[in-house]
Amino acid sequence: MPVLWTLLVVGAWLPALVPGCAVMDCGGRYVCGARVDGDVMVGLMLPCHGSIDNLATRTRPEMYQCSDFDLVPFLRSLAEIHAIEEVNAAGVLPGIRLGYMMCDTCSHPSKALKNVELMLAYNHSQYTQCDYTDYRPAVKAILGARYSETSISVARLLSVYMIPLLSSTSSSPALSDKLRYPVFLRTVPSDVHQTKALTQLMAHFSWNWVGVVYRDDNYGKAALQSFLQDARRANVCVAYQEVLPFQFEPQNNAAEVQQVARQIRSSTAQVVLLILKPNQVEAIFKEMIRTNTKKIWIACDSWAVNGQLAQMEGINKVGDILGFMFIASKSESFDNYLRNLSAPLGGYNQFIEEYKNLRFNCSPECFQNNPPSYCPSPDLLKMKSPKACESGDPQTQNDDYIVRTLDTGEAFLERGAIWAVAHALKKVLQCNSSSCTGRTDFPPWKLLEELKRIRFEYEDQKFFFDENGDSLNGYDLVMWSEDDHRRKFSKIGRYSALDELIKIDQTQNLVWLSTRNSTVPICRCSKRRCPPGYVKKILNVSCCYSCVPCEEGSFTDGWDHENCKICPNETWCLKGKDRCVPRNESYLRWTNAHPIAIMAATGFGFLLLLVAMILFWIYRNCSAMKRAEVSISTVMIAGLSVSFASVICFMGKPNIHLCRARQVMYALGFTTCVSCILVKAYRTFLAFLPFGRVLHRRLNQLYQPAAIIIVLTVLQGVICCLWLIFDSPDIDSTAPSPLNLKKVIQCHEGTTYIGFGIMLSYIALLALVGFVLAFKGRKVPHQFSETGYIIFSMLMYLFVWVCFIPVYITNKEERTVVQASAIVVSNYGIIFCHFLPKCYEAIWGPDTDTMERFYNRMRAMAHCTSPIVNPVPVPHIDVPSEVTMAENTNTLTGNLSPAQTGGSLRHVNQRYHNSLRYRPPNIQGQLRLRSKSF
């Protein structure tokens, strides 16, 4: 109700002295239902009746006629009265007695405002003025109302007079606004905490698909908005929102109930949150029972422990019911008070009289002598006691019906509110252990100030108010369990408003009606939850989704995540994983099988080279070693050793220095070796192939073995220097493959690989030239040359490196091991083709001097001499003295043309003439004669 309208109404209703309405009677009855006088008066406003008759057709400002007696608020009003009597009996305020006035709001704000008028008019204390600072009404504080809608209206009016309004049930978040409701305080948390508790409950049981039915008033709308905000944060989705009118009568609102029931039945949401009054919930439950519909019902505090609903016929057919109730605590003295209810001494309580008429009267005879406001309608006489029919006056009867039927601990916060007022009064009245020195006629705003500051403990529960006037004592979670044909309330957990955490009692074996065992029912739009490693792909709303795995490099470590997390630095994960792990560094570790095999082969290669070097120098004077030219072979062994040493640099974790050293070492070492082979092939090419004298002389001038080897090797060194300067090898910084947890640490041979390609191409060019030269002299007897070995070794090298190129390009992660293996195989090709055969010949070859046989052969051939032909000068080549010619006569005469034979013989004669220590006489002439005969 707007403030302006409220002030106009109050101004019209409350004249200066309000004669004839000062608590006396209106039409012969008391205007408030209960009152006991005291030094300080407290107003009590609770809806002992649930509705007002003919409210929709009311056109005159007549008295409100209330109906539907409600036991729960009646119990709460009795708790407040009992607490006032406790305060008086305990002497908390020495010499001061608390009194009270109790008026029935009948669950309607207009009736509550009427009650405020009556309370403020008590003892003619109400009058109109501009400044109410010194306004001293008899009623210093008002406790109530039950529903937030009523409290909002009353709080607006009381804010004019700054009279404190203290509620134990009104939980609307709007009432926390101290600009609009500065006088409102409450001993319960705001619904902001209740909706957080509700969403945490749903999240705890993994329910994310719920429907909401709320009532059309300030409380219902505020609670709905608060729930929607918390639900969004907790990933709980609302399938539908239905509303019922605030002023609800089942017979007049049947269509709305049917609409809500159809929506509930048709929806796939199995959880339904009801922000309604008990009578509205009852109408929906009746429809669910009629259609045999089972759901999971979540109750707000207004009906979470409603005894009348728990005893409905067929209540076990509606499904599971859970809800949050305010903190409760039983009191034995209060239970005894309820068992012995009677009108207060020195006052009256029409509500107690009405209850006893309902409980102990056998027939509605009272309606013949009393107006309807005193005797409720006959349909509520169902709770009457048959034994009382024979007992006479119902007002003298008592039993434990309320104690047995209701949870008397629910009224704990009402008792706490009275004690809060008492503690604040103790400050205002300046009380000590023996007396109170303050005046009882104080303005109410002083009591409001003290109420905001109090902090005390009552029955092991701490009471205080925060800056919004709210208490933070939390909620008890209750579950409606089966108890024969009715339900009973079982506490299964608690929500702490201070910590904003819900704790479920895990020791209780919860039995769900939906599953008939302890298995929690599934209430989700998407039945399957997304496990760790997967993420939700939203379909239409956030709770309706499919699960897709996280991509490589991202993960989720919990259930039902909406976004994947990115792996931190230096970690990675594969598709659909729930955590990231450090990438495994991959390189040729010394302990792995492949590197061990390569290093074993390298070590054996070093051993072979060492043995070959020793044998070459031991047998350096034998014919096999002389043909191999020990000096050049020694240089070859050194080059191969450097090449083998470069393989060692391929092992272990690479760094920039190893990356550069291994390529340079291989390039220089193997280039030196191939250069020596090329010199050997060139020597054979010059010695055994015919050329013109001018060309032969020029080619002979180019034959400088040491210079050739040095120049070719230095040229490779220049290539390597330019490579290191302009495109140096380095550690490969390419990002690892997203499909692999392995991080390959290897070298890259420059950004363009041009230097690497030129280096390998240069070696290949030298090998190809040596191969061509050897191939040209392939028909020369092997006693005079190594062409066969050169051809085979160069072919092996070229074959290995031709195979290396595509493997190196396509298999990026194995480039290191591929090149190391290629180097080892190339080196072994040289060893097996150039050194081992010579070592075998030196150790196990024939020892006879075949030169004499060669001379005899030449003498025999001299009989067919021809005119002497001047020999063409040939380069000096160290040819061994022991040449076995007898075995190759057919080769000399059959495989070569006459010109070639003559030329070859002349070359042999010249070599031997220059190199042999013993040169028999006339050998040159004989060779010339033999050449002539050809």
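The rules we used
- Residues numbered from 1 in each chain as written.
- Predicted model: local features only at pLDDT ≥ 70, side-chain atom pairs only at ≥ 80, totals over all residues.
- Heavy atoms only, no water.
- Disulfide = S-S within 2.5 Å.
- Helix = DSSP H or I, 4+ residues; strand = E, 2+ residues; numbered from the N terminus.
- Buried < 20%, exposed > 50% of the residue type's maximum accessible area, 1.4 Å probe, protein only.
- Pairing = 2+ DSSP bridges.
- Right-handed = clockwise from strand over helix to strand, strands pointing away.
- Patch = residues over 30% accessible without salt bridge, like charges linked within 9 Å, V, L, I, M, F, W, Y side chains within 5 Å.
- Areas by Shrake-Rupley, 256 points an atom, 1.4 Å probe, with all protein chains shown as cover.
- Salt bridge = Lys/Arg side-chain N within 4 Å of Asp/Glu carboxyl O.

## Some remarks on the state of the cysteines
Stage number 1. Tallying each qualifying case throughout the model produces nine disulfides.
Stage number 2. The disulfide that involves C530 links it to C547, with 2.0 Å between the sulfurs. Between C530 and C547, the disulfide has an S-S torsion of -95° and is therefore left-handed. Linking C530 in the loop between β19 (501-504) and β20 (534-538) with C547 in strand β21 (residues 545-549), this pair joins segments that are 17 residues apart in sequence.
Stage number 3. A sulfur-sulfur distance of 1.7 Å marks the disulfide that ties C659 to C747. Here C659 and C747 share a disulfide; its torsion about the S-S bond, -80°, makes the bridge left-handed. Within this pair, whereas C659 is found in helix α19 (residues 656-688), its partner C747 is found in strand β29 (residues 747-748), the two being separated by 88 residues in sequence. The pair C659 / C747 is uniform in exposure class, with both members buried.
Stage number 4. Between C676, a cysteine without a disulfide, and C673, which holds the nearest cysteine sulfur, the sulfur-to-sulfur distance is 6.6 Å.
Stage number 5. Of all cysteine sulfurs, the one in C721 lies closest to C720, which takes part in no disulfide; the gap is 7.1 Å.

## As for the pairing of strand β6 (residues 139-143)
Stage number 1. Counting buried residues in β6 gives five out of five residues, a clear majority hidden from the surface.
Stage number 2. The pairing of strand β2 (residues 40-46) with β6 spans four bridges and is classified as parallel. From the neighbouring strand, L44 faces β6, where its bridge partner is L143.
Stage number 3. By the bridge criterion, two bridges tie β6 to strand β7 (residues 165-167) in an arrangement that is parallel. In the strand pairing of β7, L143 is matched with L166.
Stage number 4. Tracing the backbone out of β6, into helix α4 (residues 148-161) and back to the parallel element β7 gives a crossover that is right-handed.

## A word on a nonpolar patch on the surface
Stage number 1. Residues I710, V714, L715, V718, L722, I725 and F726 make up a contiguous nonpolar surface patch of roughly 720 Å² in combined accessible area.
Stage number 2. Looking at the element boundaries, L715 is found in helix α21 (residues 705-726).
Stage number 3. Looking at L715, the relative accessible area reads 41%, which means it is partly exposed.

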